[in-house]
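Coordinate analysis (summary)
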Amino acid sequence: MKKWKLNQLIFMALCCDLGLISKRLIGPAANLITDALHIPGGIGTGFSLMFLVIAASLIKRRGCAFFMAAVQSVLALGMGMVGSMGLLAPAGYLVPGLVIDLMLWGTEPMRLDPAARLAAVNAFAAVSAALIADLLVFHLPKAVLALYLGTAAFTGIICGGLACQVVRRLSPILQKEGLKEDGRT
């Protein structure tokens, strides 16, 4: 296994921080929507996961998203950002990180449009986070769960499209800096 480069670790740390901070920043606006729908969440998580998708798709190292999710879970516990999941919050970070890695790895050989690929990756990660939250904490009725998962998927798709735009803009810059493992985009 190759060692991580320092600039990769710094970029990953930046994306971890942006994911945690963004969740706090858009939380109040997201709560207005989710309160109106009477669901526990799903909007802020899709936006927060976007930063893991960006970093994992740019760095292209297996396990990158899971590693960042583990770091985020430790930071969230340390800063008291556990939400309704309490001490079970690491599961809410680790499962989507694993889903991101598996989806990026699984869709790599396919000839998918990059925007569709990252939208799908982000949507599946957001839905996995919502499912974990429901299994561990909420235990929602089926109709409400469907709305919750639909909201998470929709937000994940939108944020995945945004992630693709960020990746397209950062890819040439990061290629020059040697951040990426290979020449693929």
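All residue numbers refer to position in the chain's written sequence, counted from 1. With the structure being a predicted model, the display of local features is reserved for residues of pLDDT at least 70 and the display and counting of side-chain atom pairs for 80 or more, all residues being used for whole-chain, interface and lining totals. Working from all heavy atoms in the structure, the side-chain values ignore hydrogens and water.

For the purposes of this entry, the term helix denotes a DSSP run of H or I that reaches at least four residues, the term strand denotes a run of E that reaches at least two, and both are numbered from the N terminus. When its secondary structure is counted, the chain shows six helices and zero strands. Each helix and strand of the chain, ordered N terminal to C terminal, gives the series α-α-α-α-α-α. In terms of overall size, the chain behaves like a compact globule, its C-alpha atoms giving a radius of gyration of 16 Å where 185 residues would be expected to give roughly 16 Å. In terms of overall dimensions, the chain has C-alpha extents of about 50 × 35 × 25 Å along its principal axes. In this scheme, a residue with accessible area under 20% of its type's maximum is buried, one over 50% is exposed, and one in between is partly exposed, where area comes from a 1.4 Å probe on protein chains only. Counting every position in the chain, which comprises 185 residues, the buried fraction comes to 45%. Residue contacts are counted whenever heavy atoms from the two residues lie within 4.5 Å of one another. Taking all contacts inside the chain whose residues are at least 6 apart in sequence as the whole, residues at least 24 apart take part in 76%. One way to put it: in the chain the 16 positive side-chain charges average out to a point 5 Å from where the 9 negative ones average out. Atoms counted for the radius of gyration: C-alpha only. Globule rule: 2.2 Å times the number of residues to the power 0.38. The charge count treats Lys and Arg as positive and Asp and Glu as negative. His and the chain ends do not count. Just so you know, the charge point we use is NZ for Lys, CZ for Arg, CG for Asp and CD for Glu.

Turning to unusual backbone geometry, a few remarks are in order. At Lys60, a residue that is not glycine, the phi angle is positive and equals roughly 60°. Relative to the helices and strands, Lys60 is located in the loop between helix 2 (43–59) and helix 3 (64–79). Taking relative accessible area as the criterion, Lys60 reaches 21% and is therefore assigned partly exposed. A positive phi angle, near 55°, is found at His139, a position not held by glycine. Residue position: His139 is located in the loop between helix 5 (114–138) and helix 6 (142–177).

Right, let's talk about the nonpolar core for a bit. What is meant by a nonpolar core is a set of buried Ala, Val, Leu, Ile, Met, Phe, Trp, Tyr and Cys residues, joined one to another through side-chain atoms within 4.5 Å. In this structure, Phe11, Leu49, Ile54, Met68 and Ile100 are the most contacted members of the largest nonpolar core, which totals 47 residues. Elements with a minimum of two residues in this core: helix 1 (6–37), helix 2, helix 3, helix 4 (89–107), helix 5 and helix 6. The contact partners of Ile54, leaving out residues within four places of it in the chain, are Phe11, Ala163, Val166 and Val167.

A separate point is a nonpolar patch on the surface. Here the term patch refers to residues with relative accessible area over 30% and no salt bridge, with like charges joined within 9 Å and nonpolar side chains (Val, Leu, Ile, Met, Phe, Trp, Tyr) within 5 Å. Only the protein chains shown count as cover for residues, and all accessible areas are computed by the Shrake-Rupley method using a 1.4 Å probe. Between Lys or Arg on one side and Asp or Glu on the other, a salt bridge is scored when a side-chain nitrogen of the former is within 4 Å of a carboxyl oxygen of the latter. On the surface, a nonpolar cluster with roughly 380 Å² of combined accessible area is contributed by Leu9, Phe67, Val71, Leu75 and Met79. For the nonpolar patch, the leading source of residues is helix 3, giving four residues. The exposure class assigned to Val71 is partly exposed, which follows from its relative accessible area of 32%.

Before going further, it helps to examine the state of the cysteines. Any cysteine sulfur atom paired with another within 2.5 Å is treated as part of a disulfide. By the definition in use, this model includes zero disulfides. We note that Cys15 lacks a disulfide partner, and the nearest cysteine sulfur, in Cys16, lies 7.4 Å from it. Residue classification places Cys15 among the buried positions, given a relative accessible area of 3%. Here Cys64 is not disulfide-linked; the sulfur of Cys16 is the nearest cysteine sulfur, at 8.4 Å.

Okay, the packing of aromatic side chains next. Any Phe, Tyr or Trp ring, taking Trp's six-membered ring, that has another such ring centre within 6.5 Å forms a pair; planes under 30 degrees apart are called stacked, those over 60 apart edge-to-face, and the others tilted. Overall, the coordinates contain three aromatic pairs when judged by the stated rule. Consider the ring centre and the ring normal. A charge sits over the ring if Lys NZ or Arg CZ is within 6 Å of that centre and within 35 degrees of that normal. Looking at Arg61, its charged tip hangs above the ring of Trp4, at a distance of 4.1 Å from the centre.

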